[in-house]
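# Breakdown of the fold
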Amino acid sequence: MEQMNWIQTLIIAIIEGLTEFLPVSSTGHMIIAQKILNVQSTEFVKAFTVIIQLGAILSVVVVYRKRFFQSFAFYRTLFIAFIPAAVFGFALSDFIDELLESVEVVAISLVLGGIIMLFVDKWFNKPVKDQEVTDIKALKIGVAQCIAMIPGVSRSMATIVGGMGQGLTRRNATEFSFFLAVPTMFAATAYKLLKLMMSSNSRAVLMENLDILIFGNVVAFIVALITIKFFISYVSKYGFKAFGYYRIILGSILLILSFLGINLNIT
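Residues numbered from 1 in each chain as written. Predicted model: local features only at pLDDT ≥ 70, side-chain atom pairs only at ≥ 80, totals over all residues. Heavy atoms only, no water.

## Quick look at the nonpolar core
Membership of the largest hydrophobic core comes to 41 residues, with the highest contact counts inside it found for V60 and F240. Broken down by secondary-structure element, the contributors of at least two residues to this core are helix 4 (53-63), helix 5 (72-91), helix 7 (103-123), helix 8 (135-145), helix 9 (155-165), helix 10 (170-197) and helix 12 (210-238). Element by element, the count of residues in this core is highest for helix 10, at eight residues. For F240, the residues in contact, after removing those within four places along its chain, are P23, M117, V120, D121, I160, M164, R170, T174, F231 and V235. Judged by nonpolar contacts, the second largest core, of 16 residues, contains M4, I15, V45 and L196. (Core = buried A, V, L, I, M, F, W, Y, C linked by side-chain atoms within 4.5 Å. Buried < 20%, exposed > 50% of the residue type's maximum accessible area, 1.4 Å probe, protein only. Helix = DSSP H or I, 4+ residues; strand = E, 2+ residues; numbered from the N terminus. Contact = heavy atoms within 4.5 Å.)

## A closer look at helix 10
In a regular helix each residue adds 1.5 Å, so 28 residues correspond to 40 Å; helix 10 covers 40 Å between its end C-alpha atoms and thus fits that length. The sharpest bend along helix 10 measures roughly 30° and falls at A181, with the proline P183 sitting one to four residues further on. (Expected span 1.5 Å × (residues − 1). Bend = angle between axes of the 7 residues up to and from the residue.)

## Overview of helix 4
By the burial criterion, the buried members of helix 4 are Q53, G55, A56, I57, S59 and V60. Residues of helix 4 that are buried make contact with helix 1 (6-19), helix 3 (43-51), helix 10 and helix 12.

## Details of the pattern of salt bridges
Applying the stated criterion across every chain, the model contains four salt bridges. Note that E175 is salt-bridged to R67, the shortest N-O span being 3.6 Å. Separated by 108 residues along the polypeptide, E175 in helix 10 and R67 in the loop between helix 4 and helix 5 bring together distant segments of the chain. Given a relative accessible area of 8%, E175 falls into the buried group. When the shortest N-O distance is used, the salt bridge between R76 and D135 registers 3.2 Å. With a gap of 59 residues between them, R76 in helix 5 and D135 in helix 8 connect regions that are remote in the sequence. (Salt bridge = Lys/Arg side-chain N within 4 Å of Asp/Glu carboxyl O.)

## Overview of the packing of helix 5 against helix 8
Taken N-terminus to C-terminus, the directions of helix 5 and helix 8 make an angle of 35°; their axes are 7 Å apart at the nearest point. The chirality of how helix 5 crosses helix 8 is right-handed. Contacts from R76, T77, I80, A81, P84 and A85 in helix 5 reach D135, A138, L139, G142, V143 and Q145 in helix 8. Partitioned by chemical class, the residues of the contact of helix 5 with helix 8 number seven nonpolar, three polar and two charged. (Axes fitted to C-alpha atoms, helices over the stretch in contact; angles between N-to-C directions. Left-handed = near helix turned anticlockwise from the far one by under 90°. Nonpolar A, V, L, I, M, F, W, Y, C, P; charged D, E, K, R; others polar.)

## Observations regarding unusual backbone geometry
Although it is not a glycine, N38 sits at a positive phi angle of roughly 60°. Even without a glycine there, the phi angle at S154 is positive, about 90°. Within the secondary structure, S154 sits in the loop between helix 8 and helix 9.

## Here's the deal with the packing of aromatic side chains
Tallied over the full model, the rule gives 16 aromatic pairs. Centroid distance W6 to F215: 5.3 Å. Interplanar angle 75°. Geometry classified as edge-to-face. Here W6, found in helix 1, pairs with F215, found in helix 12; they are 209 residues apart in sequence, far enough to count as distant. Owing to a relative accessible area of 41%, W6 belongs among the partly exposed residues under this scheme. Exposure remark for F215: the relative accessible area of 27% places this residue in the partly exposed category. Considering the side-chain rings of Y234 and Y238, the 5.0 Å spacing of their centres and the 45° angle between planes classify their relative orientation as tilted. (Phe/Tyr/Trp six-rings, centres within 6.5 Å; stacked < 30°, edge-to-face > 60°.)

## Digging into the environment of F259
Along the chain, F259 falls in helix 13 (residues 241-259). Distance in space between the C-alpha atoms of F259 and A242 is 26 Å, their sequence separation being 17 residues.

## Details of the confidence of the model for the protein
Confidence along the protein averages 86 in pLDDT terms, with 93% of residues attaining 70 or more. The lowest-confidence element of the protein is helix 6 (residues 93-99), averaging 65 in pLDDT; the highest-confidence one is helix 8, averaging 94. (pLDDT = per-residue confidence, 0-100.)

## Here we look at the environment of F179
Mapped onto the elements of the fold, F179 is located in helix 10. Here the alpha-carbon distance between F179 and V61, two residues 118 residues apart in the chain, equals 8.2 Å. With residues up to four places along the chain from it excluded, the contact list for F179 reads V60, Y64, R67, F68, F74 and L78.

The structure is reproduced here in structure tokens:
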């Protein structure tokens, strides 16, 4: 049984590629897109929104391929920053899946995160001279990343703010957020795939929709490749205020719709 059609797949994959590395919450946008496109929140669809992150991961490796063949210290800091998310993600997996069905949770997170985005440049406008990401800095950024397990917060936003809070420049904090996405998103995808493969029914659905998964990953890769280059250039020049306003406007619209009694939750 097909879980999504090609148009739905294309739109959601484009949204993933556009928003994964922007501080606007890719998960939140895909949840909203599912509602608008009338895509039911089946186990396959939940897995799809995680698995297509592989395409986005590959775009980071391609753009920063030289950085990924550096010293052992580069991988050590990534591993240290990854540990908190691995621990909390495994422990709270079922709870996070429940939150993924609530557009209201996304809306509130968008607004609160947007307010932070408006002031982050002012709060952390004096980066330290030494821009090295030490083990301690990496661990603190990793702890900040855990906040993004709440749908709508944005992994990118949490890690960028965490990095700037450790004295990194906007560019360096953003790039480290990209690097940290690789182990974090790969682990989340592998875990979701493992859970699917352990169930014969889910495994069958996965194989039946393999073409959908491949197509979604290819689209997410191409779009993310373009987005990464744009985002680095933009935030280096202009900062994060525009993303803050966008988050507040979108979150407010969703809250108003919910207040008016319009059912926004994914079923």
